[in-house]
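Overview (structure and organization)
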Amino acid sequence: MKNLFLFIAFFTGFIFLSSCEKEEPEQPDQIDSFEDGVIISCEGAFGQGNAVVYFLDPAKQAYVPEIYRTVNQEPAGDVLQSITFENDNAYLVMNNSGQIIQATEKTFEKTGSIEGLSAPTEIDIEDGQGYIGSLYSQHILVADMNSLQVNDSIFLGEQSNRIFEDDNRLWILSQSDYQGRVKDHIYVINLTDHSVDSVKVGSHPTDWAIGDNDELYVYCRGNETGESPSIHAINTESPSTTQQVELAAPGGFFTKIAYDERENRVLIPLEDGIYAYQPGDNSISSTALINLDQITALYGLGVSPDDGDIYVGDAKDFNSAGVVAIYTSTGEAKGALQVGIGPNNFYFD
Amino acid sequence: MRSGLIVLLWAGVIYCKLTPLSGQAIDTAILMDELAVSAPTLLGTGSDTVDLSTGASQLTQLTDVLRIESNVYFRDYGPGSSSTVSMFGSKSNEVAMIWNGIQIANPMLGVNDYSMISTADLTTLRIARVGHSTIFGAGSGAGAILLDQKIKPVLRPLTLSAGWSSLQELKGNASFTDAKGSWKSRTSIQAGKAQNDFRYKTHSGTYKNLDHAAAAHTNLSHHSEFHPRKNQYWTFSAWGRKHNREIPPTLTEARSEANQSDAFLRSVIQYHFTTSKHHLNVKAYYGFQKQRYRNPLIDLNAVHRFQNGQFRVDNQWQPHPDFFIKYGVQSNYFTSRSDNYHGRKHQHRNSAYAHLQYEVPGLPIELILMAKPEKVTGQKMGWTTEGKIRYSQKTTGDWMVFANKNMVWPTLNDLHWSPGGNPDLMPEKNQIYGLSWKKSWADNLRSSSTLYYRQAKNWIQWLPGNLGFWQPMNAHQGRSYGINLELEKAVGPHVKMRSGYQFVRSYIMDEANRKNQTVYNPEHLWSFTGISNIKKQWEWKLEGQYTSTRYVTKDHTEALDPYFLCHSSLIYTLKNRPWSFAMRITNLFDSNYEGIKNRPMPGRQIHLHTIIKL
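Quick caveat, the model's predicted, so the values are computed rather than measured.

What about the interface of chain B and chain A?
Between chain B and chain A, the contact holds 30 residues from the first and 33 residues from the second. The residue Asp 317 of chain A makes a salt bridge to Lys 554 of chain B at a minimum N-O spacing of 3.1 Å. Applying the counting criterion to the chain B and chain A interface returns seven residue pairs in polar contact (both at pLDDT 80 or more). Residues belonging to the side of chain B that touches chain A are distributed by class as follows: eleven nonpolar, eleven polar and eight charged.

A short note on unusual backbone geometry
Excluding glycine, most residues fall at negative phi; most peptide bonds, likewise, are trans. All names here are of chain A. For Gln 61, which is not glycine, the phi dihedral falls at a positive 50 degrees. Here Gln 61 is to be found in the loop between strand 2 (52–57) and strand 3 (62–64). By relative accessible area, Gln 61 is classed as partly exposed at 26%.

With respect to the pairing of strand 34 (residues 605–613) of chain B
Residues and elements named next belong to chain B. The pairing of strand 9 (residues 158–165) with strand 34 spans seven bridges and is classified as antiparallel. What sits directly across from Ser 161, in strand 34, is Ile 611. Relative to strand 34, strand 33 (residues 579–586) is paired through eight bridges, and the arrangement is antiparallel. Bridging from a neighbouring strand, Met 583 pairs with Leu 608 of strand 34.

Here we look at the pattern of salt bridges
Residues and elements named next belong to chain B. Under the definition given, this model contains 24 salt bridges over all chains. Notably, a salt bridge pairs Glu 486 with Arg 498, separated by 2.9 Å at the nearest N-O pair. Of this pair, Glu 486 sits in strand 26 (residues 470–491) while Arg 498 sits in strand 27 (residues 495–508), placing them twelve residues apart in sequence. Across this residue pair, the class does not change: Glu 486 and Arg 498 are buried. Each of Arg 129, Glu 486, Glu 488 and Arg 498 takes part in one network of salt bridges that share partners.

Brief notes about empty space enclosed by the protein
Residue and element names in this part refer to chain B. With the rule as written, the count across this model stands at eleven cavities of 30 Å³ or more. Space inside the second largest cavity adds up to approximately 360 Å³. Around the second largest cavity, the lining is made up of 27 residues, and of these Gln 103, Ala 105, Ala 138, Gly 139 and Arg 349 lie nearest the centre. Among the secondary structure elements, those contributing two or more residues to the lining of the second largest cavity are strand 5 (95–99), strand 6 (102–104), strand 19 (323–338), strand 20 (345–359) and strand 21 (365–376). For the lining of the second largest cavity, the per-class residue count stands at twelve nonpolar, twelve polar and three charged.

Thoughts on the side chain of Arg 265 of chain A
Residues and elements named next belong to chain A. Among the secondary structure elements, Arg 265 is positioned in strand 21 (residues 265–269). Exposure remark for Arg 265: the relative accessible area of 8% places this residue in the buried category. What Arg 265 contacts, discounting residues up to four positions off in sequence, is Ala 258, Tyr 259, Asp 260, Ala 276, Tyr 277, Gln 278, Pro 279, Leu 289, Ile 310 and Ser 329.

Overview of the environment of Gly 421 of chain B
Residue and element names in this part refer to chain B. With respect to the element layout, Gly 421 can be found in the loop between helix 4 (412–416) and strand 24 (428–441). In this structure the C-alpha to C-alpha distance between Gly 421 and Leu 369, which are 52 residues apart in sequence, comes to 37 Å. In this structure, Gly 421 is in contact with Asn 413, Asp 414, Leu 415, His 416, Trp 462 and Pro 472, ignoring residues within four places of it in sequence.

Here's the deal with the confidence of the model for chain A
With 91% of its residues at a pLDDT of at least 70, chain A reaches an overall mean of 88. Within the model, the stretch residues 1–23 of chain A combines pLDDT values under 50 with 43 contacts to residues more than four positions away or in other chains.

Structural notes on the nonpolar core
Side chains that are nonpolar tend, in soluble globular proteins, to be buried together. Leu 62, Leu 66, Tyr 114, Ile 145 and Leu 147 of chain B are the most contacted members of the largest nonpolar core, which has 32 residues in total. The contacts of Ile 145 of chain B, once residues within four sequence positions are left out, are Leu 66, Val 85, Met 87, Val 95, Ala 96, Met 97, Ile 98, Tyr 114, Leu 125 and Arg 126 of chain B. Counting 20 residues, the second-largest nonpolar core is a separate cluster that includes Val 53, Val 64, Tyr 68 and Ile 101 of chain A.

Some points on the sheet that holds strand 17 (residues 215–220) of chain A
All names here are of chain A. The strand order 16-17-18-19 describes an open sheet built from four strands, whose pairing is antiparallel. Where the open sheet ends on each side, the last strands, each with one partner, are strand 16 (205–210) and strand 19 (240–246). Between one strand axis and the next, the sheet turns by 20 degrees as a mean value, whatever way the strands run. Where strand 18 (residues 230–235) meets strand 19, six bridges bridge the pair, whose relative direction is antiparallel. Looking across to strand 19, one finds that His 232 is bridged to Gln 244.

Rules behind the numbers
Residues numbered from 1 in each chain as written. Chains lettered and ligands numbered in written order. Predicted model: local features only at pLDDT ≥ 70, side-chain atom pairs only at ≥ 80, totals over all residues. Heavy atoms only, no water. Contact = heavy atoms within 4.5 Å. Salt bridge = Lys/Arg side-chain N within 4 Å of Asp/Glu carboxyl O. Polar contact = N/O pair within 3.5 Å; in protein donor to acceptor, adjacent residues only side chain to side chain. Nonpolar A, V, L, I, M, F, W, Y, C, P; charged D, E, K, R; others polar. Helix = DSSP H or I, 4+ residues; strand = E, 2+ residues; numbered from the N terminus. Buried < 20%, exposed > 50% of the residue type's maximum accessible area, 1.4 Å probe, protein only. Pairing = 2+ DSSP bridges. 1 Å grid on protein atoms, 1.4 Å probe; cavity = no way out; pocket = protein on both sides within 12 Å on 5 of 7 lines; lining within 4 Å. Points joined across faces, edges and corners; volume = space filled by probe spheres on them. pLDDT = per-residue confidence, 0-100. Core = buried A, V, L, I, M, F, W, Y, C linked by side-chain atoms within 4.5 Å. Axes fitted to C-alpha atoms, helices over the stretch in contact; angles between N-to-C directions.

What follows is the structure in structure tokens.
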């Protein structure tokens, strides 16, 4: 607990998340835990080992930069691909450092690590077992989360960018290799017998968002020779595709999507703005919810389940501090925050 | 800082008895003494010779020899790893490397890896600074490093050397020189290996030895000269190398299994013919290189092969005692097959140049104009041009004002890398203006200074695109300016000393982080070398290098601390026998520093070396 004092000493101020109306500034309350707020992961510049984690407390209008480095007095590593929270622990997946760091969720104090991994992408934990995806390996690694040791693997036959466990099934999104075989399926592993099945989607599945009611929304970027990007809604219970919507965007367009559980909608950034897709509709919203003129390189997108605020991570040029822009659920600009390099994910608690 | 003060004190003690380093004299040697032509070297002018004659230089890498030049900065990833150069705050692809008159660069990257050059291969090493290197054309705007193997007279034909260092390094070299008669040759073979498992401090404050950092190489070079007549000669040079290295983990990686292997063969045939007012030089070059990069952890096994053929004709003509013309043509063909390209890629570069040098009668003034058009596959014609006015008098010294335009062509990776290669890229363009002054003072004191200003546009930068990968773009305009100061002094025959300082401001114009110093570009470099001959048999060399803060990110949110390094060498030569023993201690004060972020660098190391001439 003594490390709590360290990060308190690193307060750098607070931002105004309210409107432009002039108000008397209030003294910020101290942040003594990282449990209630927004965790912002910044993956850092490839090869430079400067991944950082920021904590934002919207209620106190305060943030704490570089919480992992401050608490542990060492950098987290190279390319923070994702963070998973489970049983009061945070698991930082350090892609180019080949390890997953275990830290307490409340203080971000390091308590262990799983090492010797090949470009891990994401970990999902169920019943004490950690299922680890990899950017290059065709296996899903299985780790015992008590001992933090890899003790099994499941052959998938594809690399795995995103993984998600639901009802004893492990869902895997495997992106196509550049100009390699075009993938147009997502995969599902039965965790009882390790059999692999797949569900047909559009060309080049790129990202997904997990909705309520057993729905998985998969963004496929299509291709430059005619296939438009599309959204595929998949029922993970059945499992089957329940809806497919083509998007009016150039084929091959790369983006990230997010699910807004308060509004029950999927947010889809396209070239000129972020659009909303309401499950069941045959098309996305006709006008952009958020204009992206001020965003250089959208790299992260998240929606707060508490207040519906929309968080956009702008990676700029990946060699300078990134910016997190915050919008209300109706798309009005609310504030911005300078963070580390490559803000890629938001985690709300 | 404490170590810096100690060296300054030592420097002060030595200062009272100094002499200039002979090797730093400006190279104005004419090609053949008996001829009327008296202009500087056939191609290029105003280069400074770096001394390779001392024993200490034989036991170091080329990067260590050059690093002591205050205007040369290496971005280096540690012992055994690759190393690229910067001069006057430039990018690496703006410094040309010239091997026996041929400009060499990896066509995929546009740069050279200086960790793969052995000093034992060379007989002469020269540096052409900004304002003196433009004649080499595209990619030479910031300077050029000239490696030569021209055979010099030797008393003993065979040189054997062996070395060991605390980096668990072993190396050996044998050179045989036959410098008599009309047929002369020099052959050198070298092999070495090193574990490079030095101790370093981790981010958590503990110490450990660097893992997976071994390197090994074999190197063979040959240079022959045939002089059938007094006014003509042929030369043949060949240089082959195989170099394997493990890529160590960074400070934030748990382990690494990556390794890189390079193998290359380079060869050039030259014919030189001289008349009373004319030099002709014809060169034909062929080079092949294979590079393999493997990293099992990310399932990577990439092979790149590239070949380069060059043909060039250079002339130097003196139609009038006050008037020189250098002119020539060059054809340069690159081809590359890479696992990251779709099919074989090639590039053809054809150029011609004319360089006019006029000495104003009755005045100590020289006017120089140069133009070099160059046509490159898929690009518009590009021009390298230069104008210089030189004023030289004994009392005032040698003044020179210069202005030039230079460019850097997009590399094959920029154009064809998959994914992301952008065939629509334009060349980077630079305009450089400068003023230099050199003067010899009384008491063997020499000074030189160069002020320069550079405007650059179309800088190529890889940026994230909306197709999910990065693409190179002509993104930026840049500016840089700075000053370089050199001072040389000697007193008596026994002590020589040299010091240099460089200040560089380099920034990008059209960015949010406007006028921030560019990344990995120190504003201040300071170097010091002192050599003292203690009687005849002992030589003591002391070197100091200061490197200021280097920024890692464009917005300066991350930076590497400044550092000061001190090295010392002691060389003993047996009386009446050409056998010497050397001990060199690098990083004498055991400084903890990083050249590249998260790449640990070695602390204090001991190197032992012996050379015998038979």
